[in-house]
Amino acid sequence: MKAFYSFFSMEPIPAEEIRLPQEAEEGDIYSCFGLLYQVVGKSVENDRIIYQMKFI
């Protein structure tokens, strides 16, 4: 399964395009787009793992 990250209401972005890991845990914090985001949820859809991100 491929990992994707979802920011706000944007379409999920593949992890490799934004250099984030394929596996993440809820509560993990990453720097992306020059800002800090926290993993707040995870869902599985159509062979994709989608991590929901929240700006912190």
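The paragraphs below set out a description of the structure included in this document. Everything numeric here is computed off the predicted structure, so don't read it as measured data.

## Some remarks on the overall build of the protein chain
- Helix and strand counts for the protein chain come out as zero helices and five strands.
- Secondary structure elements of the protein chain, listed N to C terminal, follow the sequence β-β-β-β-β.
- A compact globule built from 56 residues would reach a C-alpha radius of gyration of about 10 Å, and the protein chain, at 10 Å, matches this within 12%.
- If you line up the protein chain on its principal axes, its C-alpha atoms span 30 × 20 × 20 Å.
- Taking all 56 residues of the protein chain together, 38% fall into the buried category.
- A fraction of 28% describes how many contacts in the protein chain between residues 6 or more apart in sequence connect residues 24 or more apart.
- Carbon together with sulfur atoms contributes 51% to the accessible area of the protein chain, which is approximately 3,800 Å² in total.
- A distance of 4 Å separates the average location of the 5 positive side-chain charges in the protein chain from that of its 9 negative side-chain charges.

## Side note on the sheet that holds strand β3 (residues 29–32)
- Read from one edge of the open sheet, five strands run β2-β1-β5-β4-β3, paired in mixed fashion. Each edge of the open sheet carries a strand with a single partner, namely β2 (13–14) and β3.
- Pairing analysis gives six bridges linking strand β1 (residues 2–7) to strand β5 (residues 48–55), with the strands arranged parallel. Looking at the pairing, A3 lines up with I49 of β5.

Quick notes on the rules
- Residues numbered from 1 in each chain as written.
- Predicted model: local features only at pLDDT ≥ 70, side-chain atom pairs only at ≥ 80, totals over all residues.
- Heavy atoms only, no water.
- Helix = DSSP H or I, 4+ residues; strand = E, 2+ residues; numbered from the N terminus.
- Rg over C-alpha atoms; globule rule 2.2 N^0.38 Å.
- Buried < 20%, exposed > 50% of the residue type's maximum accessible area, 1.4 Å probe, protein only.
- Contact = heavy atoms within 4.5 Å.
- Areas by Shrake-Rupley, 256 points an atom, 1.4 Å probe, with all protein chains shown as cover.
- Lys, Arg positive; Asp, Glu negative; His and termini not counted.
- Charge placed at Lys NZ, Arg CZ, Asp CG, Glu CD.
- Pairing = 2+ DSSP bridges.

By themselves, these figures tell us nothing about what the structure is for.
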